[in-house]
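Secondary and tertiary structure notes
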Amino acid sequence: MKKNVLMTLLCGLFMIPSLAIAQPSDVKDEKKCTASFSILDKEIWTLTIEDDRIAGSNSVVNLEDNVMFGFIGGKAVRLKFKEDQIDGSIGGKSAMLVLERGAEFTTIRGPLGKSHMVAIASADHLELSGGMLTLKLNRVGKSNRVLMNEHGDVRLVFEGCDHTIVAARPELVVIMQQLLTSRVEMFEDISQSIRAGISEAAARTQSAPSPSGRRVPPKPSK
């Protein structure tokens, strides 16, 4: 009797690990690939990157049969990707871009509206230039998920993937370029408004009456 009980217990112990292996695992799904751009630790935009779709920051872009269509920063975009060129429009601006792709790099350059766009993406470097904007991000240390400028105050951080996806996805380069350029255009508009406001205030101050009641003539320019 005792032997039967002992054998039963031993069989039960051997079965427990096998039951544990048979149970479905609770492994979580891999994180989606995202790219977040920040300045001085303030997040400016984040993109979620899928095989045929990129979304985020008032942008939704689909890629189908080498045609990219949707919105970037709220502006309509439709581009045709060919082997060595990209044609179409972004936010009402015509695009006629030259596309060069190597094993580990992508270069896009050419007229985008009235400005000239230059974008270079490789395994450890990202450079975006257009109008007044020139941004260069270089890999620091052994990180394959963070690109930053030489001071470390401008960063491009990847989650669920690494930065090499930028060179492999020319449409992603175009989206990043447009998002950054639109920020610069907004900054330029704000700067112009501020300068105009300062000029008006200075003009009013110069023409304002003095405490004695007489108007102060404007200072002669040097």
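Please refer to the structure placed before this passage.
Right, let's walk through the structure included here. What you are looking at is a predicted structure, and each value in this text was computed from that prediction instead of being measured.

Calculation rules
- Residues numbered from 1 in each chain as written.
- Predicted model: local features only at pLDDT ≥ 70, side-chain atom pairs only at ≥ 80, totals over all residues.
- Heavy atoms only, no water.
- Helix = DSSP H or I, 4+ residues; strand = E, 2+ residues; numbered from the N terminus.
- Buried < 20%, exposed > 50% of the residue type's maximum accessible area, 1.4 Å probe, protein only.
- Contact = heavy atoms within 4.5 Å.
- Polar contact = N/O pair within 3.5 Å; in protein donor to acceptor, adjacent residues only side chain to side chain.
- Salt bridge = Lys/Arg side-chain N within 4 Å of Asp/Glu carboxyl O.
- Patch = residues over 30% accessible without salt bridge, like charges linked within 9 Å, V, L, I, M, F, W, Y side chains within 5 Å.
- Areas by Shrake-Rupley, 256 points an atom, 1.4 Å probe, with all protein chains shown as cover.
- Lys, Arg positive; Asp, Glu negative; His and termini not counted.
- Charge placed at Lys NZ, Arg CZ, Asp CG, Glu CD.
- Pairing = 2+ DSSP bridges.
- Phe/Tyr/Trp six-rings, centres within 6.5 Å; stacked < 30°, edge-to-face > 60°.
- Disulfide = S-S within 2.5 Å.

Next up on the list: the environment of Cys161. Tracing the sequence through the fold places Cys161 in the loop between strand S14 (154-159) and helix H2 (164-168). Overall, the relative accessible area of 14% leaves Cys161 in the buried class. Along the primary structure Cys161 and Arg145 are separated by 16 residues, whereas in three dimensions their C-alpha atoms are 7.2 Å apart. With near-sequence residues (within four places) excluded, Cys161 lies in contact with Cys33, Thr34 and Arg145.

Our focus in this paragraph is the side chain of Thr106. Summarising the element assignment, Thr106 is placed in strand S9 (residues 105-112). Residue classification places Thr106 among the buried positions, given a relative accessible area of 1%. From its side chain, Thr106 meets the backbone oxygen of Ala167 in a polar contact 2.3 Å long. Apart from residues no more than four positions distant in its own chain, Thr106 is found in contact with Leu99, Glu100, Arg101, Ala119, Ile120, Ala121, Ala167, Ala168 and Pro170.

Our next topic: the pattern of salt bridges. By the definition in use, this model includes three salt bridges. A salt bridge links Glu50 to Lys32; its shortest N-O distance comes to 4.0 Å. Note that Glu50 is positioned in the loop between strand S2 (42-49) and strand S3 (53-55) and Lys32 in the loop between helix H1 (2-22) and strand S1 (33-39), a separation of 18 residues in sequence. Look at Glu50 and you get partly exposed, because its relative accessible area is 29%. Taking the relative accessible area as the measure of exposure, Lys32 reaches 56% and is therefore exposed. Across the pair Arg169 and Glu171 runs a salt bridge whose closest N-O atoms are separated by 2.4 Å.

The next thing to look at is a negative patch on the surface. Among the surface-exposed residues, Asp51, Asp52, Glu64 and Asp65 lie close enough to one another that they form a single negatively charged patch. Position of Glu64 among the secondary structure elements: in strand S4 (residues 60-64).

This paragraph deals with unusual backbone geometry. Phi is positive for Asp41, which is not a glycine, with a value near 65°. Positive phi values are uncommon outside glycine, yet Ser57 reaches one of about 55°. In this fold, Ser57 is placed in the loop between S3 and S4.

Here the focus is the pairing of S1. Look at any regular strand and the pattern is simple: side chains alternate between the two faces of the sheet. Most of S1 is tucked away: six of the seven residues are buried. In terms of strand pairing, S1 meets S2 through seven bridges, oriented antiparallel. Considered in S2, the bridge of Ser38 is made with Glu43. Where S1 hands over to S2, the hairpin turn is made up of two residues, of which Leu40 adopts a positive phi near 50°. Where S1 lies against S14, six bridges are found, and the strand directions are antiparallel. When the bridges of S14 are listed, Ser36 appears paired with Val157.

The geometry of two aromatic rings is summed up by the distance between their centres and the angle between their planes. Considering all chains together, one arrives at one aromatic pair under this definition. Judged by centre distance (5.3 Å) and plane angle (15°), the rings of Phe37 and Trp45 are stacked. The same class applies to Phe37 and to Trp45, which are both buried.

Tallied over the entire structure, the rule returns one disulfide. In this model Cys33 forms its disulfide with Cys161; the gap between the sulfur atoms is 2.0 Å. The chirality of the disulfide connecting Cys33 with Cys161 is right-handed, given an S-S dihedral of about 60°. One end of the pair, Cys33, is in strand S1; the other, Cys161, is in the loop between S14 and H2, with 128 residues separating them in the sequence. Residue Cys33 shares its accessibility class with Cys161, and that shared class is buried.

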